[in-house]
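Remarks on the overall topology
Given next are the chains, with one letter for each unit.
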Amino acid sequence: MAVETAPAKTTTGQKLHRIHVVVNGAAHDVDVEPRTLLVHFLRENLGMTGTHIGCDTTSCGACTVLLNGRAVKSCTLFAVQVDQASIATVEGLEKDGKLHPIQEGFHQEHGLQCGFCTPGMMMTAVGFLATNPAPTELQIREAISGNLCRCTGYVNIVKSIDYAARKLREPAEGKAPDVR
Amino acid sequence: MIPASFEYEVATDVAHAIQLLASSGGEAKVLAGGQSLIPLMKFRLAQPASLIDITRIAGLSGIRENGELQIGALIREADLEKNAIIRQRYPIIADTAAVVADPLVRNMATIGGNLAHADPANDHPATMLALRASVVAQGSKGERVIPIDDFFLDTFTTALRPDEILVEIRVPKPAARSGGAYLKLERKVGDFAIVGVAAVVRLDESGKIAAASIGLTNVGLTAIRARNAEEKLRGQAPDDKALAAAGAAAAAESQPVSDLRGPAEYKRDVVRVLTQRAIRKAVARAKGGN
Ligand SMILES: Cc1cc2nc3c(=O)[nH]c(=O)nc-3n(C[C@H](O)[C@H](O)[C@H](O)COP(=O)(O)OP(=O)(O)OC[C@H]3O[C@@H](n4cnc5c(N)ncnc54)[C@H](O)[C@@H]3O)c2cc1C
Ligand code: FES
Ligand code: FES
């Protein structure tokens, strides 16, 4: 990581931008080229490969992360745009060896087969359940309409998200489940 | 896919954005939600020398009713769709926001970008034509208000000057006994429209159509008004016969082309059907229904 104070440059003379971004609670200050997409920043600069690249054309949602709590497609966002923002990725779901309710839901309801779409599906679901904690099946289906799955036929994904919604609504035993 | 290199600048306020645009010699592009621009840059169909990020400018994402409805250019589709004023008083705008792309794109995409991009497949242009909206632009020469009929010049081309940014959309307050609706046929959820129809009607005291305005999505080089259909409805009771005549007129004046979303004849027939349904829904809303 470069530490000079003058704006760093690439070998081709492109000016780099220092961004400050909090990913799953950990702060990072990194120099990036403006054209670096958020998904590449996460996978290549931070080595967090849980966020997938599927279509690379804003269609499939495999790259979904939360930007300040909202689900967005990280293949269609430059890293420089998230300066000062907070990002949540699939790597941040499990806490202290305990699965997040959405992960538990996908496990219990067989919400995945190959697993390629799963990180995006789960991040979309987490963002959605934060705004709609008691969704109908139709609302769940609408919420994941920007996420494609080529394996499951969606039925078990919908059940997984419903499982998580119910689990998240359960009165907290001691400690409330962490939604983000 | 990696875009070509570009410089990135964050505009702190509107004046700063205008200054950055003016000094770029036409080589810069405004970046709002990025949901149209970034895909184009990834395909290298767009290679701007610099991007001016306007999303950090404060005060451009509000919704106010102030004699007329004022919508800040930077409001995200997801927020527009949920806004209480929009849902209660301008349901046609909520109809439209709800069918733009998918929920993830809607968390980023802005209404200003949807209009400024001037893609005939975008959904808000037809709705804004039907609502008789206007667009507020700010540039080095000051502010001007552009009637929506004068805004879309060609595919991807608007009346905005190179140093202007769109800051607000203004929509006249709904008249008594008026209502509007937007309907869209899409191949699958999240796709651009095969055809979209926006209809706004105002009824007179006897329940006849005093005025109608109709906008069409993705059946022309820009979103277009179906003026003949509007004319057919004037003074008529909103019965099946009048609606059928308006649908036929809209189909005749639409200019679809055959592409992967279907042959032109098919799209023309979709215009005919959706126009009637949109008017029917607009009339129901004008009568206080939903
Ligand atoms: C998979 C997918 C599906 C989609 N489906 C639909 C759909 O069904 N219907 C639909 O309507 N749209 C659809 N879109 C387009 C999406 O809604 C766009 O994001 C939106 O049209 C543009 O808004 P934006 O804020 O993202 O603009 P940007 O991508 O940031 O900008 C678009 C253009 O407008 C200019 N611009 C933006 N804001 C301003 C401003 N305030 N002043 C001056 N110029 C400005 C930019 O310079 C650029 O040229 C889809 C996009 C994707 C990726
Ligand atoms: S990789 Fe981002 S939407 Fe498919
Ligand atoms: S589980 Fe394979 S794509 Fe969804």
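Residues numbered from 1 in each chain as written. Chains lettered and ligands numbered in written order. Predicted model: local features only at pLDDT ≥ 70, side-chain atom pairs only at ≥ 80, totals over all residues. Heavy atoms only, no water.

**Focus: the site of ligand 1**
Near ligand 1 lie 29 residues; those nearest to it are V30, G34, Q35, T110 and D123 of chain B. More than one chain lines the surroundings of ligand 1; the residues nearby belong to chains A and B. With respect to ligand 1, the side chain of T110 of chain B contributes an N or O atom lying 2.6 Å from an oxygen atom. Protein chains bury 94% of the 960 Å² of accessible surface belonging to ligand 1 in isolation. (Near = heavy atom within 4 Å. Polar contact = N/O pair within 3.5 Å; in protein donor to acceptor, adjacent residues only side chain to side chain. Areas by Shrake-Rupley, 256 points an atom, 1.4 Å probe, with all protein chains shown as cover.)

**Comments concerning the domain arrangement of chain B**
Residue and element names in this part refer to chain B. With domains assigned, chain B is organised as domain 1 (7–53), domain 2 (63–172) and domain 3 (178–286). Summarising the inter-unit geometry, the C-alpha centres of domain 1 and domain 2 are found 19 Å apart. Facing 11 residues of domain 1, the contacting portion of domain 2 comprises 15 residues. When domain 1 packs against domain 2, close to 970 Å² is buried across both sides, 77% of that on carbon and sulfur atoms. Run the count over domain 1 and domain 2 and you get zero salt bridges. Seen at the junction of domain 1 and domain 2, the total is zero residue pairs in polar contact (both at pLDDT 80 or more). Here the side of domain 1 that touches domain 2 takes five residues from helix α1 (residues 14–22), the largest share from any one element. Residues belonging to the side of domain 1 that touches domain 2 are distributed by class as follows: eight nonpolar, three polar and no charged. (Domains from an automatic or database assignment. Contact = heavy atoms within 4.5 Å. Buried area = accessible area lost by both parts, 1.4 Å probe. Salt bridge = Lys/Arg side-chain N within 4 Å of Asp/Glu carboxyl O. Helix = DSSP H or I, 4+ residues; strand = E, 2+ residues; numbered from the N terminus. Nonpolar A, V, L, I, M, F, W, Y, C, P; charged D, E, K, R; others polar.)

**Quick look at the nonpolar core**
Most often, soluble globular proteins have nonpolar side chains that are buried together. Residue and element names in this part refer to chain B. By size, the foremost hydrophobic cluster in this structure holds 36 residues, and its most contacted members are I71, L80, I93, M128, F151 and I169. Listing elements by their share of this core, those giving two or more residues are β5 (68–72), α5 (91–98), α7 (111–116), α8 (124–130), β6 (134–139), β10 (165–172) and β12 (195–203). Each residue touching M128, except ones within four places of it in the same chain, is listed here: I71, I93, I111, L115, A133, I148, I169 and V171. (Core = buried A, V, L, I, M, F, W, Y, C linked by side-chain atoms within 4.5 Å. Buried < 20%, exposed > 50% of the residue type's maximum accessible area, 1.4 Å probe, protein only.)

**Looking at the sheet that holds strand β1 (residues 7–10) of chain B**
Residues and elements named next belong to chain B. Pairing within the open sheet is parallel, and its three strands lie in the order β1-β3-β2. Strands at the two margins of the open sheet, each flanked by one partner only, are β1 and β2 (28–31). Neighbouring strand axes in the sheet, compared pairwise and without regard to direction, differ in orientation by 25° on average. Relative to strand β3 (residues 50–53), β1 runs parallel, the two sharing four bridges. Each residue of the ladder has a partner; that of Y8, found in β3, is L51. (Pairing = 2+ DSSP bridges. Axes fitted to C-alpha atoms, helices over the stretch in contact; angles between N-to-C directions.)

**Overview of the interface of chain B and chain A**
Between chain B and chain A, the residue contacts involve 31 residues of the former and 33 residues of the latter. When the area that chain B buries against chain A is broken down by residue, the three leading residues are F6, Y8 and L104 of chain B, summing to 24%. Of the charged contacts in the structure, one is a salt bridge between D79 of chain B and R70 of chain A, with a shortest N-O distance of 2.4 Å. The interface formed by chain B and chain A includes 13 residue pairs in polar contact (both at pLDDT 80 or more). For the side of chain B that touches chain A, the elements supplying multiple residues, two or more each, are β1, α2 (37–42), β3, α3 (77–82) and α6 (103–106) of chain B.

**Some points on the domain arrangement of chain A**
Residues and elements named next belong to chain A. On domain assignment, one finds that chain A holds domain 1 (2–90) and domain 2 (101–170). Here domain 1 and domain 2 have C-alpha centroids that lie 25 Å from each other. Taken together, the contact pairs 17 residues of domain 1 with 13 residues of domain 2. Of the roughly 1,100 Å² buried where domain 1 meets domain 2, counting both sides, 66% is carbon and sulfur surface. The tally of links between domain 1 and domain 2 comes to zero salt bridges. With three residues, strand β3 (residues 64–67) is the largest single contributor of residues to the side of domain 1 that touches domain 2.

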